[in-house]
Amino acid sequence: MYFNSRKNEVLFYLYSAINYLGCPVNNSTNDIAFENEALVGYIHRVAAIVAKYLGVAEQGFRAVMNCNQDGGQTVNHIHLHVLAGKPLGWRPY
């Protein structure tokens, strides 16, 4: 799935059965700073659109950004996971 606006483009692709990954197409930053506020907000808004498109928005989904090594990040650029399709408990670990 591919979404774009005038400023941002986000590619969502199936990562696993319940994990869709949203990656800004033209972004290599890993800094969730003031300068990237619009991009981070846009990715979350598009995640909600993707969840609705997939038919999981009504039942619920989780949007996750892993930040740095202890946060579980393995790809060093801003991206977002949309987890859905089964009940997700809390605590996630």
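Preceding this section is the structure that the text describes.
The shown structure was predicted, so the numbers you read here are calculated from the model rather than taken from an experiment. (Residues numbered from 1 in each chain as written. Predicted model: local features only at pLDDT ≥ 70, side-chain atom pairs only at ≥ 80, totals over all residues. Heavy atoms only, no water.)

1. Quick notes on the overall build of the protein
Scanning the protein for helices and strands turns up one helix and five strands. Starting at the N terminus and ending at the C terminus, the protein contains elements arranged as β-β-β-α-β-β. Of all 93 residues assigned to the protein, the portion counted as buried reaches 32%. Of the contacts made within the protein by residues no fewer than 6 positions apart, 53% connect residues no fewer than 24 positions apart. (Helix = DSSP H or I, 4+ residues; strand = E, 2+ residues; numbered from the N terminus. Buried < 20%, exposed > 50% of the residue type's maximum accessible area, 1.4 Å probe, protein only. Contact = heavy atoms within 4.5 Å.)

2. Side note on the nonpolar core
Membership of the largest hydrophobic core is limited to eight residues, which are Tyr-20, Leu-39, Val-40, Ile-43, Ala-47, Ile-78, Leu-80 and Val-82. At the level of elements, helix H1 (37-54) and strand S5 (80-84) are the ones that each hand at least two residues to this core. By residue number, the principal contributor to this core is H1, which donates four residues. (Core = buried A, V, L, I, M, F, W, Y, C linked by side-chain atoms within 4.5 Å.)

3. Regarding the environment of Asn-30
In this fold, Asn-30 is placed in the loop between strand S3 (19-24) and H1. On a C-alpha basis, the gap between Asn-30 and Asn-68 in space is 8.4 Å, while along the polypeptide they are 38 residues apart. The contacts of Asn-30, once residues within four sequence positions are left out, are Asn-68, Gln-73, Asn-76, His-77 and Ile-78.

4. Some remarks on unusual backbone geometry
Most peptide bonds take the trans form, and the phi angle of most residues other than glycine is negative. Non-glycine residue Asn-68 carries a positive phi angle of around 65 degrees. For Asn-68, the location among the structural elements is in the loop between strand S4 (61-64) and S5.

5. Considering the pairing of S5
For S5, the tally of buried residues reaches five of five residues, placing the bulk of the element in the interior. Going residue by residue along S5, you find Leu-80, Val-82 and Ala-84 tucked away on one face and His-81 and Leu-83 tucked away on the opposite face as well. Of the pairings in the sheet, the one linking S4 to S5 comprises four bridges and is antiparallel in character. Across the sheet, Val-64 pairs through a bridge with His-81, a residue of S5. (Pairing = 2+ DSSP bridges.)

6. Quick look at the environment of Ala-51
Counting through the fold element by element, Ala-51 comes out in helix H1. Sequence spacing of Ala-51 and Leu-83 is 32 residues, and the spatial spacing of their C-alpha atoms is 9.0 Å.

7. Quick word on the environment of Leu-83
Relative to the elements of secondary structure, Leu-83 occurs in strand S5. For Leu-83 and Tyr-20, which are 63 residues apart along the polypeptide, the C-alpha to C-alpha distance reads 6.5 Å.

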